[in-house]
Amino acid sequence: MAKWPLPYPESPPMRLSQFHLHTSKETPAEAEIVSHKLMLKAGMIRKLAAGLYTWSPLGLRVLRKVETVVREEMDRAGAIELQLPTIQPKELWEESGRWQKFGDQLLKIRDRKEAEYCYSPTAEEAITDFARQELSSYKQLPVNFYQVQTKFRDEIRPRFGVMRAREFLMKDAYSFHLTDEDLAREYRNMHAAYSRIFTRLGLRFRAVQADSGAIGGDASQEFHVLADSGEDAIAFSTGSDYAANVEAAAAAAPGPRSAPAETLRKVETPTQRTCEDVAALLGIPLARTVKSVALMAEDGFVLALVRGDHAVNGIKLGKVPGLAGHRLAGEAEILEHLGCEPGFLGPLNPRKAVRIVADREVAAMADFVVGANEAGFHLAGVNWGRDLPEPDVVADIRNVVEGDRAEDGGELRLARGIEVGHVFQLGRKYSQALGFTVLDENGKATVPAMGCYGIGISRIVAAAIEQNHDDAGIVWPEAMAPWRAVVCVINPKNDPTVAEAAEALYRELAAAGVETALDDRGLRPGAMFADIELIGIPHRIVVSERGLAAGTFEYRHRRAGESENLDRAALLARFG
Ligand code: ATP
Ligand code: MG
Ligand code: MG
Ligand code: MG
């Protein structure tokens, strides 16, 4: 009989010839932003259907890296992992009122008995149901439960690959507290954990004040990875820590707003009549061919969000008949006027459309149309077919820019961000609705306060690429790379000592704790290096006959322009 414990066999080297890599030279036509393009080219994801992606073995390695960092920091912060079902009964969602209120993003399904369920887009109801079965005394509080679980949201326009998918991986945590003060303490604790997570992942990020949106509740902050392709606009001060999602900044800004909500009217049918409405209100004839989505204020201020083929294709307004005589402001001029970071005028989420009032006449840009009347010019971002603007988030950015500035003496700047995390103080909304109480020190039934904390694990992978890439491909931060290092073997068939030396080096790196792959696919050096650069491995080591003869390995860091010839000791020192 075998002796217990059985010895573990040594793991075989991670050979790329035995792995599944499938890169492509072509730039996929369907991808608009760089992360989507590179994830497809590198073969990290493949589309199954709209907003549904398969993570290839390569992609999954990266996803798991993010997941691991998130899990480690959540554990360190004292949260406890569990797992809730993704399919949840209608009755539970009716208790909170969200079966109706959540809207079309909620995917509803029926089983064979015609019972109704949804696929969880978030899990406040399910966790509160677990809590009301498990927690009965103040002694069990505070507690913070988290899971890493697939979510589904039937997004109106899934796009940018896994950045805005319908099925995606989220870490969601929910905490329960006897008092509001204790909730505020845990909220700060989670805020700190999130900062550690994004720092460890090597991302440039900013925490900003946010609207609590459909989830509801009191205090709320979002974590944004800064990138020009971000769908969100954020405002931050150069003079203090102040930073806010522009929705929240606008809501807090003093002074007159854009037209009040009730005076705004949505016109969404892309018809001639719509265009004429807009044109009449603007006092400008618009092209008959331009399809439009328009937001109109009946106070005479008109914000026309026009996006027909013209705007989509980036043709300037000057080409629109009737507007040719107007002066066009260039991008630089608009950015300067707005005090925005370069790149601010990227694709805007129309739900967060902003309105600018200034003393210009007409200006236009790709994806933007600026209309004018005597009062000034108006600008907004448009995204055809996505959520239409909600009137209350259409705000006058000028108020934000000029009204905040006074407080800390700094300048308010605007930048674009990708929302990768969100923390909320929910209060008692769900615990109250689901009738969840615990007994306090005096034996009195008390409704606990709740917090919830989300991180878009799969979105982070795309967001990291937006921040870290070059012409050759992805440039992973070390913590997210599929492997930290790769040992490339040149012409292994010519000289068996090359393959042996590569394998020995591989084992040495692995023993030193450096996660390494062995590229033994036997490709020509050019093709092999192109793949390795595309998939973004930070450290590349080439083992060749020539190098071995000189006693060196060729080393190159993915961020460095040049390679160096290093002997074994100098090479290993790079991984210290
Ligand atoms: P967004 O404003 O981008 O629609 P959200 O505010 O609706 O996001 P939350 O409810 O705060 O999202 O969910 C927590 C996190 O889940 C988000 O911060 C984001 O990182 C991620 N997430 C949300 N929707 C998607 C999606 N469609 N695809 C990928 N990740 C998503
Ligand atoms: Mg959303
Ligand atoms: Mg959001
Ligand atoms: Mg959010």
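The rules behind the values
The residue numbering used here restarts from 1 in each chain and proceeds along that chain's sequence as written. The order in which chains are written sets their letters, starting at A; the order in which ligands are written sets their numbers, starting at 1. Only residues with pLDDT of at least 70 are given local features in this predicted model, and only at 80 or more are side-chain atom pairs given and counted; all residues enter the totals for whole chains, interfaces and linings. The way it works is that DSSP assigns letters per residue, a run of H or I at least four long becomes a helix, a run of E at least two long becomes a strand, and they are numbered from the N terminus. Labels follow a simple rule on C-beta atoms placed from the backbone: if 20 or more others lie within 10 Å of a residue's own, it is buried; if 12 or fewer, it is exposed; otherwise it is partly exposed. Here, residues touch in the contact sense if the C-beta positions derived from the backbone fall within 7 Å of one another. Paired strands are those between which DSSP finds at least two bridges. Axis definition: a line fitted to C-alpha atoms, over the contacting stretch in the case of helices. Angles run 0 to 180 degrees between N-to-C directions. What a helix should span is 1.5 Å times the count of its residues minus one. Angles below 35 degrees are treated as roughly parallel, those above 145 as roughly antiparallel, those between 65 and 115 as roughly perpendicular, and all remaining angles as oblique. Three residue categories are used. Nonpolar comprises Ala, Val, Leu, Ile, Met, Phe, Trp, Tyr, Cys and Pro, charged comprises Asp, Glu, Lys and Arg, and polar comprises the others, including Gly. Nearness rests on one distance test: the residue's C-beta atom, set from the backbone, must lie within 6 Å of the molecule or strand. Throughout this description, the term nonpolar core refers to a group of buried Ala, Val, Leu, Ile, Met, Phe, Trp, Tyr and Cys residues whose C-beta atoms join them within 7 Å. The start and end points of each domain follow an automatic or database-based domain assignment. Here a crossing is taken to be left-handed if its near helix is turned anticlockwise relative to the far helix by less than a right angle, and right-handed if that turn runs clockwise. Confidence scores per residue from the predictor, reported as pLDDT, run from 0 to 100.

Help me understand the overall build of the chain in this model?
Of the regular secondary structure elements, the chain holds 17 helices and 31 strands. Burial statistics for the chain: of 576 residues in total, 43% are counted as buried. Sequence-distant contacts, at least 24 apart, represent 70% of the contacts inside the chain between residues at least 6 apart.

How do you make sense of the sheet that holds strand β29 (residues 539-543) when you look at a structure like this?
Two modes of strand pairing occur in sheets, parallel and antiparallel, and in both the strands are linked by backbone hydrogen bonds. Reading across the sheet, the five strands line up as β28-β27-β29-β30-β31 and stay open at both edges, with mixed pairing between neighbours. At either end of the open sheet lies a strand with only one pairing partner, and these are β28 (516-519) and β31 (564-566). On average, adjacent strands in this sheet sit at an angle of 25 degrees to one another, irrespective of strand direction. Looking at chain direction, strand β27 (residues 485-489) and β29 are connected through five bridges and run parallel. Within the sheet, the bridge partner assigned to Ala-485 lies in β29 and is His-539. Sheet strands touched by helix α14 (residues 496-511): β27, β28, β29 and β30 (553-557). Its angle to β27, the strand with the most contacts, is close to 170 degrees.

Help me out: how do you make sense of helix α2 (residues 57-76) in this one?
Helical periodicity: at 3.6 residues per turn, an α-helix aligns residues three or four positions apart in one direction. Over its 20 residues, α2 runs 28 Å from end to end, which matches the ideal 28 Å to within 8%, given 1.5 Å per residue. Just past α2, the residue Gly-78 takes up positive phi, approximately 95 degrees.

Would you mind showing me how to read the packing of helix α1 (residues 34-41) against helix α13 (residues 457-467) here?
Helix packing geometry: the angle between the two helix axes and the distance between the axes. Two numbers describe how α1 lies on α13: the axes approach to 8 Å, and their chain directions differ by 105 degrees. The orientation of α1 relative to α13 falls into the category roughly perpendicular. From α1, Val-34, Ser-35, His-36, Leu-38 and Met-39 reach across to α13, where they touch Ala-462, Ile-465 and Glu-466. Here the contact of α1 with α13 is composed, by residue class, of five nonpolar, two polar and one charged.

Is there a simple way to explain the pairing of strand β7 (residues 143-152) in this structure?
Regular strands place their side chains on alternate faces of the sheet. Alignment of strand β3 (residues 80-81) against β7, held across two bridges, turns out to be parallel. For Ile-80, the partnering residue across the bridge sits in β7 and is Phe-145. Relative to strand β8 (residues 167-177), β7 runs antiparallel, the two sharing ten bridges. Residue pairing across strands places Val-143 opposite Phe-176, the latter belonging to β8.

Quick question: what am I supposed to make of the site of ligand 1 here?
Near ligand 1 there are 17 residues, and of these Phe-168, His-422, Gly-454, Gly-456 and Arg-459 occur at the shortest range. Contributing elements (two or more residues each) for the shell around ligand 1: β8, β21 (412-427), β24 (449-456) and α13. No other element matches β21, which puts four residues into the shell around ligand 1. Within the shell around ligand 1, the residues separate by chemical class into five nonpolar, seven polar and five charged.

Looking at this structure, I do not really get the sheet that holds strand β5 (residues 107-110). What am I missing?
Taken together, three strands build an open sheet; the order of strands is β4-β6-β5 and the sheet is antiparallel. In the strand order of this sheet, the two ends are held by β4 (87-89) and β5, each with one partner. Each neighbouring strand pair of the sheet contributes to a mean axis angle of 40 degrees, computed without reference to strand direction. Here four bridges tie β5 to strand β6 (residues 116-119), and the two strands are oriented antiparallel to one another. When the bridges of β6 are listed, Lys-108 appears paired with Cys-118.

Please explain unusual backbone geometry as it appears in this structure.
Excluding glycine, residues mostly carry a negative phi; peptide bonds, for their part, are mostly trans. Cis peptide bonds are those with omega within 30 degrees of zero, and the linkage from Leu-141 to Pro-142 qualifies with -5 degrees. Counting through the fold element by element, Pro-142 comes out in the loop between α5 (124-134) and β7. Residues other than glycine seldom take positive phi values, yet Glu-114 does so here, at roughly 70 degrees. Accessibility expressed as a C-beta count within 10 Å gives 6 for Glu-114, which makes it exposed. Notably, Phe-160 is not glycine yet its phi reads approximately 60 degrees, a positive angle. By the secondary structure assignment, Phe-160 is in the loop between β7 and β8. For Phe-160, a count of 22 C-beta atoms within 10 Å gives the class buried.

Honestly, the pairing of strand β2 (residues 52-55) in this entry has me stumped. Any pointers?
Two elements, strand β1 (residues 45-49) and β2, share four bridges in a ladder whose sense is antiparallel. Following the sheet pairing, Arg-46 is matched in β2 by Thr-54.

When you look at the environment of Arg-159 in this model, what are you seeing that I'm missing?
By the element assignment, Arg-159 lies in the loop between β7 and β8. On the basis of neighbour count, Arg-159 is assigned to the buried category, with 21 C-beta atoms found within 10 Å. When the C-alpha atoms of Arg-159 and Gly-576 are compared, they prove to be 40 Å apart, with 417 residues separating the residues in sequence.

Whenever I open this one, the nonpolar core confuses me. Can you help?
Inside soluble globular proteins, nonpolar side chains tend to come together where they are buried. Counting 106 residues, the largest nonpolar core has Val-66, Val-487, Cys-488 and Val-543 as the members making the most contacts within it. Two domains each donate at least three residues to this core, and these are domain 1 (60-84 + 121-249 + 415-466) and domain 3 (483-574). With residues near it in sequence (within four places) discarded, Val-543 still touches Val-487, Cys-488, Val-489, Ile-490, Val-498, Ala-501, Ala-502, Leu-505, Leu-548 and Phe-553.

What should I look at first to understand the environment of Leu-38 in this one?
Among the secondary structure elements, Leu-38 is positioned in helix α1. It is 7.6 Å that separates the C-alpha atoms of Leu-38 and Leu-534, two residues lying 496 residues apart in sequence. Here Leu-38 is in contact with Ile-465, His-469, Gly-473 and Ile-474, once residues within four sequence places are set aside.

When you look at the packing of α2 against helix α6 (residues 180-200) in this model, what are you seeing that I'm missing?
At their nearest, the axes of α2 and α6 sit 9 Å apart, and the two run at 150 degrees to each other. As judged from the angle between their axes, α2 and α6 are roughly antiparallel. Here α2 runs over α6; the crossing is right-handed. Taking contact as the criterion, the partners of Val-69, Val-70, Glu-73 and Met-74 in α2 are, on α6, Ala-193, Arg-196, Ile-197 and Arg-200. Classifying every residue of the contact of α2 with α6 by side-chain character gives five nonpolar, no polar and three charged.

What am I meant to see in the confidence of the model for the chain here?
When pLDDT is low, close inspection of the predicted coordinates is not appropriate. Of all residues in the chain, 69% attain a pLDDT of 70 or more, and the chain-wide mean is 77. Between residues 253-335, whose pLDDT stays under 50, and residues either more than four places distant or in other chains, the model counts 167 contacts. For residues 343-403, every residue scores under 50 in pLDDT, and the model assigns this stretch 185 contacts once sequence neighbours within four places are set aside. Taken over the whole predicted complex, pTM reads 0.78, whereas the ipTM for its chain interfaces reads 0.99.

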